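Observations on the model geometry
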Amino acid sequence: MKHTIAVLVENKAGVLSRISGLFARRGFNIDSLAVGPTEDARISRVTIVVDGDDYMAEQVTKQLNKLIDVLKVRNLADSEITRRELALVKVKVDESKRGEIVDIAKIMNCEIVDISHTTLMIEFDDRPERVDLLIDLLSKYSIVEMARTGTIALQKGHGSV
Amino acid sequence: MNGAQAIIKSLQKEGVTHIFGYPGATIAPLYDKLPGTGIRHILVRHEQHAGHAAGGYARIAGRPGVCAVTSGPGATNLLTALATAYMDSVPIVAVTGQVDSSLLGRDVFQEADITGAAEPFTKYSYLVKNAQDLPRIVKEAFHIASTGRPGPVLIDVPVDVQLTETKFDFTGNVDIRGYKPTVKGHAGQIKRVLRTLEHAQCPLICVGGGIFAAKAQDMFAQFVETVNIPVVSTLMGIGALPTAHPLYMGQVGMHGKSTANDAISEADVLLLIGARVSDRAVLLPDKVRRKTKIIHIDIDPAEIGKNLDTFLPVVGDVKTVMEQILSYRPKRKGDEWVGFLTEKKNGKSPDHGGRADGVNPKAFVSKLSKALPDRFIYCADVGQNQLWSAGNIDIRAGGRFLTTGGMGTMGYAIAAAAGAKIASEVSDAAERFVIAVCGDGSFQMSMMELATLMQHGIDVKVVVMVNGKLGLVREIQTDVYGDRQVAVDLAGSPDPVVIARAYGIDGAAADTMEQAEAGIRELLSHKGPYLLAVRVGERESSL
């Protein structure tokens with residue numbers, strides 16, 4: 001089962017290596033990890049998606065809490081959050097296929113952000129499963145390369161970590 | 001003042017009396033400013049032992065021990081000691097020199113990323129960039145090392161930072177947003193503990209090293225006597241209750257006593273106090289019955305539920321939590337269950353008979369510990385000597401048993417004993433008798449520290465159990481690998497008594513129990529370090 005864990009940390013050198021080292025050491029599998037600044041410049045927000053049972057999720061939470069640079073840890077239930085990912089996908093196109101790919105982009109509400117004689121670059125931000133779907137659709141064509149952020153998530157309503 | 005002086009002044013403000021260390025180029029500025037400060041430097045003979053000595057100091061003084069080493073190999077040599085302290089929750093503040101900050105990351109001479117390397121073995125670490133941060137960092141390091149679940153903290157200081165002129169400002173309180181250990185137990189949980197204990201038919205307490213970290217030995221005795229619940233201990237918990245205490249049933253686990261392990265499997269409520277139930281108490285998870293209700297009191301929430309399913313977690317300082325429980329005047333349990341276990345315990349007679357070959361090490365540990373002054377500090381190394389010591393030691397109130405329970409680091413005892421002896425001189429009204437007990441394997445990993453004892457006049461007695469083998473590994477090879485003995489023969493080893501003499505330390509060898517008893521008498525009356533080598537049969541079992 002996938003767990004989305006939001007972690008507020010001190011924004012200083014070495015913190016990310018402490019967190020990632022912890023996951024490696026304790027054998028926790030990270031699906032994705034996204035880090036960025038918050039409204040408070042001294043604090044960064046790390047969103048980690050891990051795959052494992054409840055025991056593992058509890059261990060992750062406790063071990064993260066133990067790190068001195070970690071301010072808050074919250075295991076977020078899927079139902080209470082809005083999740084987003086951003087993907088940039090470069091697809092190889094020839095004249096005959098360009099129309100199909102543009103159709104897919106339109107249907108999925110993607111933006112085409114770059115075009116060349118032989119490629120299209122598609123930008124997409126949505127729920128992780130929608131990003132999976134887009135990539136699945138595009139995989140029928142030739143994907144030259146792609147970049148995808150980790151999942152970020154916020155609680156719906158007035159709640160916050 | 002420069003950064004080095006700022007470090008020293010901060011250490012003084014933290015009440016540091018001793019630094020265990022080994023100098024080198026990148027820590028030279030710190031050493032340059034040590035003379036005349038009143039802080040005594042104890043020069044060890046290997047950086048690892050600086051860490052062990054600081055650990056031994058911390059365990060007796062009840063506050064962080066300090067060690068200082070140079071960058072690169074000095075720092076990496078220290079790693080094992082940091083890991084040892086981390087596993088056993090011992091507070092250490094380690095100061096390492098580092099190459100010039102403008103050269104960091106260029107793989108220059110004696111550069112090692114020590115904050116990175118030590119990350120899994122430290123509670124926290126600092127790579128200092130600005131000299132003006134040093135007072136705050138030292139203050140924080142002591143706070144982090146000694147509060148909550150204690151542990152080692154590393155301060156890595158580039159040589160140029162030590163030499164930078166700075167202003168000294170030690171004002172301001174430590175305020176670390178992400179670090180607020182819980183001291184008091186949750187009131188609701190405390191009440192649930194009381195209710196669970198009240199309904200228990202066969203409650204049992206398993207005590208760990210957390211009792212010593214919380215300085216809660218007296219409170220623990222009061223607690224168990226009030227509730228009349230029998231006690232078993234982990235390796236780290238030995239001595240939390242005097243070994244002859246009527247409620248004490250022995251050590252649990254793989255190398256524990258059968259009465260203690262039976263008690264675990266019979267108990268309906270198991271109260272873990274400051275114990276993390278590692279795999280060496282491995283019989284525990286297997287033996288604990290599914291329906292046994294586990295109450296776990298620990299300062300570290302991450303330990304609760306890690307190795308055993310917990311029915312009732314209580315996060316807090318064990319001393320405070322025991323006080324909280326006692327404040328509700330819990331009922332005294334009946335004597336029937338205690339009587340049942342006591343009968344079992346008394347039915348077992350220890351394996352203390354004579355031996356055709358050499359000295360019975362189990363009988364020896366018993367005789368030795370009974371002969372020592374009550375408030376002795378007994379440092380056991382690692383190997384069979386540790387298990388003979390743990391299983392047969394007689395500890396009275398105030399006595400201490402120091403060993404490395406988590407890491408099982410060979411070569412621990414002599415350095416830890418040196419640190420413990422110094423701590424007892426600093427923090428105790430009466431001098432304490434300190435003894436290090438090693439095997440001939442672990443002795444050869446630490447015998448250079450005899451020089452440290454001599455150089456600094458540290459009165460530590462040393463016992464070496466000589467069987468010419470790496471006995472514990474030999475035993476595994478005998479039991480598990482068809483007695484095919486590989487690389488466990490210590491042929492070529494020197495005579496420990498001659499080694500001691502080379503360092504100017506008197507000593508004697510004992511081949512028989514009579515000689516060993518004479519050796520114990522000499523050890524007790526001898527002024528200054530003394531070494532007793534006790535010959536033990538190579539087929540002697542650990543249990």
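Residues numbered from 1 in each chain as written. Chains lettered and ligands numbered in written order. Predicted model: local features only at pLDDT ≥ 70, side-chain atom pairs only at ≥ 80, totals over all residues. Heavy atoms only, no water.

What follows concerns empty space enclosed by the protein. Residues and elements named next belong to chain B. Applying the stated criterion across every chain yields a total of two cavities of 30 Å³ or more. Here the largest cavity defines a volume of roughly 60 Å³. Together, G51, H52, G55, R59, A81, T84, A85, D88, V90, I92 and Y412 line the largest cavity. Of all the elements in the fold, those that place two or more residues in the lining of the largest cavity are α3 (47–61) and α4 (73–87). The greatest single-element share of the lining of the largest cavity, amounting to four residues, is contributed by α3. Of the residues in the lining of the largest cavity, the class split is five nonpolar, four polar and two charged. (1 Å grid on protein atoms, 1.4 Å probe; cavity = no way out; pocket = protein on both sides within 12 Å on 5 of 7 lines; lining within 4 Å. Points joined across faces, edges and corners; volume = space filled by probe spheres on them. Helix = DSSP H or I, 4+ residues; strand = E, 2+ residues; numbered from the N terminus. Nonpolar A, V, L, I, M, F, W, Y, C, P; charged D, E, K, R; others polar.)

Moving on, we get to the confidence of the model for chain B. In this model, chain B carries a mean pLDDT of 95, and residues with pLDDT of at least 70 account for 98%. Across the interfaces of the predicted complex, the ipTM metric reaches 0.88, alongside a pTM of 0.95. (pLDDT = per-residue confidence, 0-100.)

This part covers the packing of aromatic side chains. Residues and elements named next belong to chain B. A full pass over the atoms with the stated rule returns seven aromatic pairs over all chains. Taken together through their ring pairs, the aromatic side chains of F376, Y378 and F401 make up a single cluster. The cationic tip of K139 hangs over the ring face of F170; the distance from NZ or CZ to the ring centre is 4.6 Å. (Phe/Tyr/Trp six-rings, centres within 6.5 Å; stacked < 30°, edge-to-face > 60°. Lys NZ or Arg CZ within 6 Å of the ring centre and 35° of its normal.)

Below, the discussion takes up the nonpolar core. Residue and element names in this part refer to chain B. Within the largest apolar cluster, 82 residues are counted, with the highest numbers of intra-cluster contacts made by F220, F223, I273, F364, L368 and Y378. When residues of this core are assigned to their parent elements, the largest contribution, six residues, is made by helix α10 (residues 217–227). Of the domains in this structure, domain 2 (187–347) and domain 3 (361–535) are the two that each give at least three residues to this core. Here F220 is in contact with I205, V207, I211, V231, A240, L241, I273 and M322, once residues within four sequence places are set aside. Residues F20, A50, A61 and V497 belong to the second largest nonpolar core, which totals 51 residues. (Core = buried A, V, L, I, M, F, W, Y, C linked by side-chain atoms within 4.5 Å. Buried < 20%, exposed > 50% of the residue type's maximum accessible area, 1.4 Å probe, protein only. Domains from an automatic or database assignment. Contact = heavy atoms within 4.5 Å.)

Let's shift gears to the environment of T38 of chain A. Residues and elements named next belong to chain A. Relative to the elements of secondary structure, T38 occurs in the loop between β2 (30–37) and β3 (43–51). For the pair formed by T38 and N11, sequence separation is 27 residues and the distance between their alpha carbons is 9.4 Å. When near neighbours in sequence (up to four residues on either side) are disregarded, T38 contacts L8, I43, S44 and R45. A distance of 2.9 Å separates a polar side-chain atom of T38 from the backbone oxygen of D40. (Polar contact = N/O pair within 3.5 Å; in protein donor to acceptor, adjacent residues only side chain to side chain.)

All names here are of chain B. All buried positions along helix α1 (residues 3–13) are accounted for by G3, A4, A6, I7, I8, S10 and L11. Put simply, N2 is the residue that caps the front of α1, since its side-chain oxygen is 3.1 Å from the backbone nitrogen of A4. In the segment just after α1, G15 is the residue with positive phi, at about 80°.

Bringing the sheet that holds strand β6 (residues 152–158) of chain B into the picture now. All names here are of chain B. Pairing within the open sheet is parallel, and its six strands lie in the order β2-β1-β3-β4-β6-β5. If you trace the sheet from one side to the other, it starts and ends with β2 (40–43) and β5 (124–127), each paired once. Sheet twist, expressed as the average angle between the axes of neighbouring strands with direction ignored, equals 20°. Bridging between β5 and β6 involves four bridges; their strand directions are parallel. When the bridges of β6 are listed, Y126 appears paired with I155. (Pairing = 2+ DSSP bridges. Axes fitted to C-alpha atoms, helices over the stretch in contact; angles between N-to-C directions.)

All names here are of chain B. Taken as a whole, chain B is organised into domain 1 (3–163), domain 2 (187–347) and domain 3 (361–535). Computed over C-alpha atoms only, the centres of domain 1 and domain 3 are separated by 28 Å. Counting residues at the interface gives 25 residues for domain 1 and 33 residues for domain 3. Approximately 2200 Å² of surface area, both sides summed, lies buried where domain 1 meets domain 3, with 63% of it carried by carbon and sulfur atoms. (Buried area = accessible area lost by both parts, 1.4 Å probe.)

Here we come to the side chain of E303 of chain B. Residue and element names in this part refer to chain B. Of note, E303 is situated in the loop between β11 (293–298) and β12 (312–315). Of the residues examined, E303 reaches a relative accessible area of 5% and is grouped as buried. Side chain to side chain, E303 and K306 meet in a polar contact 3.2 Å long.

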